[in-house]
Amino acid sequence: MRLFVAVPLPPEVTTLVGDLPRPELASLRWTTEDQWHITLRFLGEVAAPPAVADALKRVPATLRAAGVEEVEAVLGAATAWFRGRRILHVPVTGLDAVARAVADATAPWGTAPDDPPFSGHLTLARVRQRETGPANLAGTPVSAEWTVDEIALMSSTLGPGGSRYGVVARVPLAPPPGA
């Protein structure tokens, strides 16, 4: 199964992103609401997803041991193109500690954890074929902040209209009540 670990968006952020302009351009494939997340680490093909889900259960304790009581995600402040203008995204900061904890917990799977280094973002659109995206789509203001209450182990199935994602496991970041 093809897996990655992600931060799901809360409903209010999903609504905010859904309200962004999405011009119909043949050169772009817009992502859809069911594809919106912030990838913390891509793992690729994994033979035993339950083992990864078990490993991720260590992330909340790792964060607390590092002095991180809450993870605050900050979306924005505007849309941007990655270098080469092939992926339109919104930067997301505040997730470095949880990304490191996920990389440590999932070190036995995937490629080296820092290859490529973590760059928090929400993908909005991908350019088709060998074109570059229109420069004017960058700079649209959008911002939000939220407390990340869980991470998710996600499956990814490739298809002609883009990837389809499914939740394999959820890991709450807050300690259980009374802990």
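The shown structure was predicted, so the numbers you read here are calculated from the model rather than taken from an experiment.

Chemist: Would you mind going over the overall build of the protein chain with me for this structure?
Modeler: Helix and strand counts for the protein chain stand at four helices and ten strands. N-terminal to C-terminal, the α/β element order of the protein chain is β-α-β-β-α-α-β-β-β-α-β-β-β-β. The C-alpha atoms of the protein chain give a radius of gyration of 17 Å, which matches the 16 Å a tight globule of 179 residues would have. In terms of overall dimensions, the protein chain has C-alpha extents of about 50 × 35 × 25 Å along its principal axes. A burial count over the protein chain gives 41% of its 179 residues as buried. Pairs at least 24 residues apart make up 79% of the contacts formed inside the protein chain by residues separated by at least 6 positions. Between the centroid of the 16 positive side chains of the protein chain and the centroid of its 18 negative side chains there is a distance of 10 Å.

Chemist: Teacher, can you tell me more about the nonpolar core here?
Modeler: Generally speaking, soluble globular proteins have nonpolar side chains that are buried together. Judged by nonpolar contacts, the single largest core of 48 residues is most densely connected at Val-59, Leu-75, Leu-95, Val-98, Trp-146 and Ile-151. Per-element accounting of this core gives the leading share, five residues, to helix α4 (residues 96-105). Apart from residues no more than four positions distant in its own chain, Leu-95 is found in contact with Val-7, Ile-38, Leu-40, Val-71, Ala-73, Phe-118 and Val-148.

Chemist: When you look at a negative patch on the surface in this model, what are you seeing that I'm missing?
Modeler: Taken together, the side chains of Glu-69, Glu-70, Glu-72 and Glu-145 present a region of like negative charge at the surface. Along the polypeptide, Glu-69 turns up in the loop between α3 (59-65) and β4 (71-78). The exposure class of Glu-69 is exposed, given its relative accessible area of 59%.

Chemist: I keep staring at the packing of aromatic side chains and nothing clicks. Help me out?
Modeler: Two aromatic rings are characterised by how far apart their centres lie and by the angle between their planes. Throughout the structure, instances matching the rule amount to one aromatic pair. When the ring of Phe-4 is compared with that of Tyr-165, the centres are 5.1 Å apart and the planes differ by 80 degrees; the resulting orientation is edge-to-face. Within this pair, whereas Phe-4 is found in strand β1 (residues 2-8), its partner Tyr-165 is found in strand β10 (residues 164-172), the two being separated by 161 residues in sequence. The exposure class of Phe-4 is buried, given its relative accessible area of 4%. With relative accessibility at 26%, the residue Tyr-165 sits in the partly exposed group.

Chemist: Would you explain unusual backbone geometry in this entry?
Modeler: Backbone phi values are negative for most residues with the exception of glycine, while trans is the configuration of most peptide bonds. Even without being glycine, Arg-85 reaches a positive phi, approximately 50 degrees. The partly exposed category is assigned to Arg-85, whose relative accessible area is 33%.

Chemist: Please clarify how the pairing of strand β7 (residues 121-127) should be interpreted in this entry.
Modeler: In regular strands, side chains alternate between the two faces of the sheet. In terms of burial, β7 is a largely internal element, five of the seven residues being buried. One ladder, built from three bridges, connects strand β2 (residues 28-30) with β7; its direction is antiparallel. Across the sheet, the residue bridging to Leu-28 is Val-127, located in β7. Pairing of strand β6 (residues 87-93) with β7 involves five bridges; the strand directions are antiparallel.

Chemist: Help me understand α4, please; the structure alone is not making it clear to me.
Modeler: Note that an α-helix has 3.6 residues per turn; residues three or four places apart therefore point the same way. Every buried residue of α4 is accounted for by Val-98, Ala-99, Ala-101, Val-102, Ala-103 and Ala-105. Contacts from the buried residues of α4 go to β1, β3 (37-45), α2 (49-56), α3, β4 and β9 (150-157).

Chemist: Help me understand the pattern of salt bridges in this model?
Modeler: Any two side chains of opposite charge can pair, so long as their charged atoms come close to each other. According to the stated counting rule, one finds two salt bridges in the structure shown. For Glu-150, the salt bridge identified is with Arg-170, shortest N-O distance 2.7 Å. One end of the pair, Glu-150, is in strand β9; the other, Arg-170, is in strand β10, and 20 residues separate them in sequence. Take Arg-170: its relative accessible area is 48%, and that puts it in the partly exposed class.

Chemist: Sorry if this is basic, but what is going on with the environment of Arg-2 here?
Modeler: Position of Arg-2 among the secondary structure elements: in strand β1. By relative accessible area, Arg-2 is classed as partly exposed at 25%. Sequence spacing of Arg-2 and Ala-174 is 172 residues, and the spatial spacing of their C-alpha atoms is 27 Å. Every residue in contact with Arg-2, bar those within four places of it in the chain, is listed here: Phe-42, Gly-44, Glu-45, Met-154, Ser-155, Ser-156 and Leu-158.

Definitions and limits used
- Residues numbered from 1 in each chain as written.
- Predicted model: local features only at pLDDT ≥ 70, side-chain atom pairs only at ≥ 80, totals over all residues.
- Heavy atoms only, no water.
- Helix = DSSP H or I, 4+ residues; strand = E, 2+ residues; numbered from the N terminus.
- Rg over C-alpha atoms; globule rule 2.2 N^0.38 Å.
- Buried < 20%, exposed > 50% of the residue type's maximum accessible area, 1.4 Å probe, protein only.
- Contact = heavy atoms within 4.5 Å.
- Lys, Arg positive; Asp, Glu negative; His and termini not counted.
- Charge placed at Lys NZ, Arg CZ, Asp CG, Glu CD.
- Core = buried A, V, L, I, M, F, W, Y, C linked by side-chain atoms within 4.5 Å.
- Patch = residues over 30% accessible without salt bridge, like charges linked within 9 Å, V, L, I, M, F, W, Y side chains within 5 Å.
- Areas by Shrake-Rupley, 256 points an atom, 1.4 Å probe, with all protein chains shown as cover.
- Salt bridge = Lys/Arg side-chain N within 4 Å of Asp/Glu carboxyl O.
- Phe/Tyr/Trp six-rings, centres within 6.5 Å; stacked < 30°, edge-to-face > 60°.
- Pairing = 2+ DSSP bridges.

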